[in-house]
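# Observations on chain architecture
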Amino acid sequence: RDLTDINLLECFIQLRYVDLSENKLQDLSPLSSLTHLLWLKVDGNLLTSACMQELPYLQIISFAHNRIKDMEGITHPRLANLSLKGNKIQTALGLSHSQLFSLQILDLRGNKIESTAGLNLPKLKNLYLAQNAIRSLEGLEGLGDLTTLHLRDNELETLDGFYNSMKCLQYLNLRNNGITSFQEVAKLQALPMLQALVLLDNPCSDEPNYRLEVLVLLPRLQRLDKELYEQDERAEANKVRQKRQEEEKVRTAPVEGGEG
């Protein structure tokens, strides 16, 4: 409706659900009197900030496709689902960890983020970071409840930054990054519950025996690039793994005898 002014909403203090998408809003301050608000959608406006007065019951907000540059000033204590996809955010620093203790779903797809530093939100379950410019994984060790992590279409060349404290992570999408070697894939051994991995469109996915090599390194994996591992693939991977372990033992065994 091309709205630029929502002052009229200040009177409707009992509103629970508000959708103001596809307008021309630059200011959300009139919403501060809507203290019963549960759900807010303001996609496709002209907002440059997500900063708002704290709303005690707000559980879901979508700020998708605005012009927001940072994540300062988001402090709603019951917020469980936050979307900031398609904005101009360059850093994840600025999220209020002490106040966003209920946040479970965070969508930051299609921004300009270069590092994951600042995303240490302990209750987070689903984190969507596709289509950014992420080169380094930092500060993920506190994400003990995270089950799903999307990092498709980024600029990762190394996979440092995963920790065994990420004990619930089951699904990891790394499609279309710059992972060239299986030594990097081996770093995912730190993830005790990883079951589904997407590595398509990385240089390593063009290597010979790609599926087998990944399973040799990650024996608990159930699915690679959306395809389940079959029993015969598992058997072959076990053989290769055992053979390599034996070769490694021989290689590192102390040489007996020697000069007296």
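Sequence order as written defines the numbering, with residues in each chain counted from 1. For this predicted model, a pLDDT threshold of at least 70 governs which residues receive local features, and a threshold of 80 or more governs which side-chain atom pairs are given and counted, while totals over whole chains, interfaces and linings are taken from all residues. With hydrogens and water excluded, all non-hydrogen atoms of the structure serve as input to the side-chain values.

Per an unreviewed UniProt entry, the protein goes by LRC23 protein and derives from Steatornis caripensis.

## Observations regarding the overall build of the protein
Of the regular secondary structure elements, the protein holds three helices and 11 strands. Under the scheme used here, helices are H or I runs from DSSP no shorter than 4 residues and strands are E runs no shorter than 2 residues, and both carry numbers assigned from the N terminus. Counted from the first residue to the last, the protein has its helices and strands arranged as β-β-β-β-β-β-β-β-α-β-α-β-β-α. Here the globule rule is a power law, 2.2 Å times the number of residues to the power 0.38, and the radius of gyration is based on C-alpha atoms. Over its C-alpha atoms the protein spans a radius of gyration of 23 Å, topping by over 25% the 18 Å that the globule rule assigns to 260 residues. Its C-alpha atoms give the protein principal-axis dimensions of roughly 90 × 35 × 35 Å. Taking all 260 residues of the protein together, 44% fall into the buried category. Any two residues whose heavy atoms approach within 4.5 Å at even a single point are treated as in contact. Sequence-distant contacts in the protein: of pairs separated by 6 or more residues, those separated by 24 or more amount to 27%. With the model as given, the accessible surface of the protein reaches about 13,700 Å², and the carbon-plus-sulfur share is 48%. Neither His nor the chain ends contribute to the count of charged residues, in which Lys and Arg are positive and Asp and Glu negative. Where a charge lies is defined by one atom per residue type: Lys uses NZ, Arg uses CZ, Asp uses CG and Glu uses CD. Of the charged side chains in the protein, 29 are positive and 35 negative, and the gap between their average positions amounts to 5 Å. The classification of residues rests on relative accessible area computed with a 1.4 Å probe and restricted to protein chains. Under 20% of the type maximum is buried, over 50% is exposed, and intermediate values are partly exposed. Values of accessible area rely on a 1.4 Å probe in the Shrake-Rupley scheme; residue burial ignores everything except the protein chains shown.

## A closer look at the sheet that holds strand β6 (residues 126-128)
What the 11 strands build is an open sheet, ordered β1-β2-β3-β4-β5-β6-β7-β8-β9-β10-β11; its pairing is mixed. Of all strands in the sheet, those with a lone pairing partner are β1 (17-19) and β11 (227-228), marking the two edges. Here strand β9 (residues 196-198) runs beside strand β10 (residues 223-224); their pairing, made up of two bridges, is parallel. Among the inter-strand pairings, Ala196 is bridged to a residue of β10, identified as Arg223. Here, any two strands with at least 2 DSSP bridges between them count as paired.

## Structural notes on a positive patch on the surface
Residues Arg67, Lys69, Lys88 and Lys112 make up a contiguous surface patch of positive charge. Structurally, Arg67 is set in the loop between β3 (60-62) and β4 (81-83). Nonpolar side chains (Val, Leu, Ile, Met, Phe, Trp, Tyr) are joined into patches within 5 Å and like charges within 9 Å, using only residues with over 30% relative accessible area and no salt bridge. The working definition used for a salt bridge is a side-chain nitrogen of Lys or Arg within 4 Å of a carboxyl oxygen of Asp or Glu.

## So, the side chain of Asn66
Examined against the element boundaries, Asn66 turns out to sit in the loop between β3 and β4. Any N or O atom pair separated by 3.5 Å or less is treated as a polar contact, with the protein-specific requirement of one donor-capable and one acceptor-capable atom, and with residues adjacent in sequence counted only for side-chain atom pairs. Polar side-chain contacts of Asn66 include one of 3.0 Å to the backbone oxygen of Val42. In this structure the side chain of Asn66 is engaged in a polar contact, spanning 3.0 Å, whose partner is the backbone oxygen of Phe63. Residue contacts for Asn66: discarding those within four places in its chain leaves Val42, Asp43, Gly44, Asn45, Leu46, Leu47, Gly86 and Asn87.

## Some remarks on unusual backbone geometry
Positioned with a positive phi, Asp2 is a non-glycine residue whose angle comes to about 60°. Among the structural elements, Asp2 can be located in the segment before β1. Here Lys226, not a glycine, exhibits a phi torsion of approximately 75°, which is positive. Tracing the backbone shows Lys226 in the loop between β10 and β11.

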